[in-house]
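A structural walkthrough
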Amino acid sequence: GCNGLPLSLKVMGAFLRKNKRLRYWERTLQKLKKERELDGDENNSNYMIWKILRVSFDNLKVKEKNMFLDICCFFCKDVCPQGMSKERALRIWTNSKKNIFEQDVEFMLDTLINQSLVKVDKDGIIRVHDQLQDIGKSIVEKEMEYKYTRIWNLNIDPFHRSAHKILNLKDCSSLRLLPTLVRSLHTLKNLNIKRCSSSTSLPNELGNLTSLTTFDISWCKSLTSLPNELRNLTSLTTLNISEYSSLTSLPNELGNLISLTTFDIRGWCSRLTSLPNELDNFTSLTIFDINLCSSLTSLPNELINLTSLTTFDISLCSSLTSLPNELGNLTSLTTFDMSYCSSLTSLPNELGNLIPLTTFDIRGCSSLISLSNELGNLTSLTTFDTRECLSLTLLPNAFGNLTSLTFCDISGVLNFNIIINRNSQSNFKNTSLKIGL
């Protein structure tokens, strides 16, 4: 069944050429008979080509399938009128993935060429037949496995008739600017541009996405600023700008994100020196992670209003020299990680107000000299870690009040004069207490 169609014969001939066993050819014929219609017309040439391509496409490996769809959507004459050179395409594919070499990518391209799905002309330009290109785009448009993964036409808004909820541009490492058509996605709930490492800025039109609830811009290491228009995203509940960010500051307008429950800026945001005072509007925030913001020198007093916060991670913020007394008002806090805040010399007495706290990690706070008796009020505490607090020489007398402790590690602390009276010792019978080097 190729009905004498030249393109079908070419693709099927290339597909069968690699295996000359009779049973293989018979199974292929059965697959052709089973394939569903594209247009519902048995005599339609597009339908026949679809059947041939479907068999050939399904037999490709996952990475080869994605390469073919990239060529159909991005490296075709509609998007690149001058054509996409083989050399440039190989660099793009190689740079977009980890742990892959250019020779591996070239081998995948050769597979597509050998199966007559694409070709490279005498000028080194990748070409794909118009009909194969249209069918490849149809796969992206209609099949859930590939839907929303590729946008190839910035002049036509493909979203105006539909209520798309998710736009995933993750790992588009060559994407420099988001298409302006994003502004029309009024029903969008989730926008993911994680590891779009070439993006240097975000369009102001993002402020139109008023239904957005999750926004992931982590690992966008070239991004140096955020648009003030993000203040319009009042439905946003999760904002992730973590890992290798080049941001030097956060706009005060972020304070308008009153629905935010998770705010993640952890991991090598080394240029960020301060947080906006307007964070006091984050009254719904439950998780705040600023781990490894190594240039952050202080926390705003306005954190006093984050009364819903349950998890606060400031670990490895090595430039923090003190904490605001107002942290004592975070009375919903259950987990507080300040490990390896190596410049902290003391903790505010007000931390004793954090009665619900169950996990308190101060390991690696090598400049911390003492702990206040008020910490004895943390009667819900189950985990307390003080390893590598090399300047800490004394535990408070009230330490014995921490009767809910199930794990306490004070090993690795030098010159420790531990004051735990006999009554206190009996309180720790159910505690894994590790003392000494």
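Residues numbered from 1 in each chain as written. Predicted model: local features only at pLDDT ≥ 70, side-chain atom pairs only at ≥ 80, totals over all residues. Heavy atoms only, no water.

Let's shift gears to helix H4 (residues 62-73). In an α-helix, one turn spans 3.6 residues, which is why side chains three or four residues apart end up on the same side. With 12 residues, H4 ought to run about 16 Å at 1.5 Å a step, and its terminal C-alpha atoms sit 17 Å apart, in line with that. The set of residues buried in H4 consists of Glu64, Lys65, Met67, Phe68, Leu69, Asp70, Ile71, Cys72 and Cys73. (Helix = DSSP H or I, 4+ residues; strand = E, 2+ residues; numbered from the N terminus. Expected span 1.5 Å × (residues − 1). Buried < 20%, exposed > 50% of the residue type's maximum accessible area, 1.4 Å probe, protein only.)

Bringing empty space enclosed by the protein into the picture now. With the rule as written, the count across this model stands at five cavities of 30 Å³ or more. Quantified by volume, the largest cavity comes out at close to 60 Å³. Lining the largest cavity are Phe360, Leu371, Leu375, Leu378, Leu381, Phe384, Leu395, Pro396, Phe399 and Leu402. The residue inventory of the lining of the largest cavity, partitioned by class, reads 10 nonpolar, no polar and no charged. (1 Å grid on protein atoms, 1.4 Å probe; cavity = no way out; pocket = protein on both sides within 12 Å on 5 of 7 lines; lining within 4 Å. Points joined across faces, edges and corners; volume = space filled by probe spheres on them. Nonpolar A, V, L, I, M, F, W, Y, C, P; charged D, E, K, R; others polar.)

Mapped onto the elements, Leu254 comes out in the loop between strand E7 (238-240) and strand E8 (262-264). Taking the C-alpha atoms as reference points, Leu254 and Glu229, 25 residues apart in sequence, are found 9.0 Å from one another. Every residue in contact with Leu254, bar those within four places of it in the chain, is listed here: Leu226, Leu230, Leu239, Phe263 and Phe282. (Contact = heavy atoms within 4.5 Å.)

This brings us to the pattern of salt bridges. Oppositely charged side chains can pair when the atoms bearing their charge come close. Applying the stated criterion across every chain, the model contains nine salt bridges. Between Lys122 and Asp123 there is a salt bridge, with the nearest N and O atoms lying 3.8 Å from each other. Across the pair, Asp123 and Lys122 agree in class, each one exposed. The salt bridge involving Arg387 is made with Asp385; its shortest N-O contact spans 2.5 Å. With relative accessibility at 29%, the residue Arg387 sits in the partly exposed group. Owing to a relative accessible area of 5%, Asp385 belongs among the buried residues under this scheme. (Salt bridge = Lys/Arg side-chain N within 4 Å of Asp/Glu carboxyl O.)

A separate point is the environment of Asn305. Of note, Asn305 is situated in the loop between strand E9 (287-289) and strand E10 (311-313). Not counting residues within four places of it along the chain, the set of residues in contact with Asn305 comprises Asp280 and Thr283.

What follows is about the packing of aromatic side chains. For the structure shown, the criterion picks out 10 aromatic pairs. Each member of the aromatic cluster is reached from another via a ring pair, and the members are Phe263, Phe282, Phe288, Phe312, Phe336, Phe360, Phe384 and Phe399. (Phe/Tyr/Trp six-rings, centres within 6.5 Å; stacked < 30°, edge-to-face > 60°.)

For the rest of this paragraph, the subject is the nonpolar core. Considering soluble globular proteins, one finds that nonpolar side chains tend to be buried as a cluster. Membership of the largest hydrophobic core comes to 77 residues, with the highest contact counts inside it found for Phe263, Phe312, Phe336, Met338 and Phe360. What Phe336 contacts, discounting residues up to four positions off in sequence, is Phe312, Ile314, Leu323, Leu327, Leu351, Leu354, Leu357, Thr359, Phe360 and Asp361. (Core = buried A, V, L, I, M, F, W, Y, C linked by side-chain atoms within 4.5 Å.)

Another point: the UniProt feature "domain: Disease resistance protein Roq1-like winged-helix" (unreviewed entry) in the protein chain. UniProt records the feature "domain: Disease resistance protein Roq1-like winged-helix" (unreviewed entry) at residues 104-141, using the numbering of this structure. Segment residues 104-141 splits into 61% helix and 13% strand. End C-alpha atoms: 28 Å apart. (UniProt positions renumbered as here; feature names shortened; annotations may be inferred.)

Sheet architecture is open: three strands sit in the order E1-E3-E2, paired in antiparallel fashion. Across the chains shown, the open sheet's two edge strands, defined by having one partner strand only, are strand E1 (84-85) and strand E2 (119-120). (Pairing = 2+ DSSP bridges.)

Structurally, Ser372 can be placed in the loop between strand E12 (359-361) and strand E13 (383-385). Overall, Ser372 belongs to the buried group, its relative accessible area being 15%. Each residue touching Ser372, except ones within four places of it in the same chain, is listed here: Asn349 and Pro396.

What follows deals with helix H5 (residues 86-96). Along H5, the residues classified as buried are Lys86, Ala89, Leu90, Trp93, Thr94 and Ser96. Where H5 is buried, its residues meet H4, E1, helix H6 (102-114), E2 and strand E3 (125-127).

This part takes up the packing of H4 against H6. When two helices pack together, their arrangement is given by the angle between their axes and by how far apart the axes lie. Put simply, H4 and H6 touch, their axes get as near as 10 Å, and they point 75° apart. Considering their axes alone, H4 and H6 lie roughly perpendicular with respect to each other. Packed against H4, whose contacting residues are Lys63, Glu64, Met67, Phe68 and Ile71, the element H6 presents Val105, Met108, Leu109, Thr111 and Leu112 at the interface. In terms of residue class, the contact of H4 with H6 is built from seven nonpolar, one polar and two charged. (Axes fitted to C-alpha atoms, helices over the stretch in contact; angles between N-to-C directions. Parallel < 35°, antiparallel > 145°, perpendicular 65-115°, else oblique.)

A few words on unusual backbone geometry. The phi torsion at Leu316 lies on the positive side, around 65°, for a residue other than glycine. Within the secondary structure layout, Leu316 lies in the loop between E10 and strand E11 (335-337). If you check the backbone angles, Glu388 has positive phi at about 65° while not being a glycine. Residue placement: Glu388 occurs in the loop between E13 and strand E14 (407-411).

Another aspect to go through is the pairing of E14. Among the five residues of E14, four are classified as buried, and the element is accordingly described as predominantly covered. Relative to E14, E13 runs parallel, the two being bridged by three bridges. Looking across to E14, one finds that Thr383 is bridged to Phe407.

Glancing now at the side chain of Thr94. Turning to its location among the elements, Thr94 is positioned in helix H5. Taking relative accessible area as the criterion, Thr94 reaches 15% and is therefore assigned buried. Leaving out residues up to four positions away in the same chain, Thr94 has contacts with Ile100, Phe101, Glu102 and Val105.

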